[in-house]
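Geometric and topological summary
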Amino acid sequence: DGGITQSPKYLFRKEGQNVTLSCEQNLNHDAMYWYRQDPGQGLRLIYYSQIVNDFQKGDIAEGYSVSREKKESFPLTVTSAQKNPTAFYLCASSIDLSAGKETQYFGPGTRLLVL
Amino acid sequence: SQQGEEDPQALSIQEGENATMNCSYKTSINNLQWYRQNSGRGLVHLILIRSNEREKHSGRLRVTLDTSKKSSSLLITASRAADTASYFCAPSYAGNMLTFGGGTRLMVKP
């Protein structure tokens with residue numbers, strides 16, 4: 001069963017805590033993306049990676065960090081510096097960065113809530 | 001912002017009716033895509049229309065593009081309750097990453 005998986009489905013963060021959201025794909029895609037979605041709003045790009053060991057900031061990278069040690073995995077850490085982390089986080093992938101401007105494949109999302 | 005803007009923000013229709021959603025964007029595009037999102041889930045790519053195309057069909061979906069007006073529309077014909085979802089347009093500009101509008105929330109009542 002090919003696709004993108006995200007875990008956990010729900011995540012609770014305490015004040016001052018760093019939390020990590022998992023994103024795994026078995027589509028053999030080079031490019032991966034993290035988006036944040038707030039209620040009633042569009043998706044905003046946090047970080048993207050076009051290849052292993054390389055990643056670039058998106059529009060709202062402050063308070064977030066990523067790594068890309070394996071092609072299949074692109075975890076997102078929401079740090080304590082992110083003061084308003086409550087949102088729905090979506091991971092996506094595409095064959096490469098160029099193809100990502102035509103079709104992206106999305107995971108099911110992780111909802112992050114602050115305690 | 002380079003993202004598209006969908007109109008209306010919300011749409012409620014009866015099953016069997018057609019649903020039309022519009023998207024406006026700001027500058028020249030390479031292509032424009034439409035995605036669907038069921039509540040609490042990820043987005044699913046529906047259809048892509050290139051800047052040199054005017055109309056495209058996929059099953060019950062019909063997409064039009066008017067580059068002179070910088071707008072696109074998505075028509076879902078003979079809607080079903082299962083079409084209830086949010087629909088997003090994503091204009092693709094040269095040199096930029098894909099951007100997504102705020103979406104149209106469609107409710108199809110049985």
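Here, the structure is the one placed above.
Residues numbered from 1 in each chain as written. Chains lettered and ligands numbered in written order. Predicted model: local features only at pLDDT ≥ 70, side-chain atom pairs only at ≥ 80, totals over all residues. Heavy atoms only, no water.

With that settled, the discussion passes to the overall build of chain B. Scanning chain B from terminus to terminus reveals zero helices and 10 strands. For chain B, the α and β elements follow one another from N to C terminus as β-β-β-β-β-β-β-β-β-β. On C-alpha atoms alone, chain B measures out to a radius of gyration of 13 Å, which is about the 13 Å that the 2.2 N^0.38 rule sets for 110 residues. For chain B, the C-alpha atoms occupy an extent of roughly 45 × 25 × 20 Å along the three principal directions. Split into buried and exposed, the 110 residues of chain B put 45% on the buried side. (Helix = DSSP H or I, 4+ residues; strand = E, 2+ residues; numbered from the N terminus. Rg over C-alpha atoms; globule rule 2.2 N^0.38 Å. Buried < 20%, exposed > 50% of the residue type's maximum accessible area, 1.4 Å probe, protein only.)

Here we take up unusual backbone geometry. Note that the residue after S7 of chain A, namely P8 of chain A, is joined by a cis bond; omega there is -5 degrees. If you trace the backbone, P8 of chain A turns up in the loop between β1 (4–7) and β2 (10–13). Omega for the peptide link from D7 of chain B to P8 of chain B comes to 0 degrees, which places this bond in the cis form. A positive phi angle, close to 55 degrees, is found at K70 of chain B, a residue other than glycine. You can see K70 of chain B is positioned in the loop between β7 (61–66) and β8 (71–76).

Each partner contributes to the interface: chain B provides 20 residues, whereas chain A provides 21 residues. Overall, the association of chain B and chain A removes approximately 1,600 Å² of surface from exposure, summing both partners, and the carbon and sulfur fraction of that is 54%. Ranking the residues of chain B by area buried against chain A places L43, M97 and F100 of chain B at the top, with a combined share of 33%. Taken together, the connections running from chain B to chain A amount to one salt bridge. Run the count over chain B and chain A and you get eight residue pairs in polar contact (both at pLDDT 80 or more). Secondary structure elements with two or more residues in the side of chain B that touches chain A: β4 (31–37), β5 (43–50) and β9 (85–92) of chain B. The residue inventory of the side of chain B that touches chain A, partitioned by class, reads seven nonpolar, 11 polar and two charged. (Contact = heavy atoms within 4.5 Å. Buried area = accessible area lost by both parts, 1.4 Å probe. Salt bridge = Lys/Arg side-chain N within 4 Å of Asp/Glu carboxyl O. Polar contact = N/O pair within 3.5 Å; in protein donor to acceptor, adjacent residues only side chain to side chain. Nonpolar A, V, L, I, M, F, W, Y, C, P; charged D, E, K, R; others polar.)

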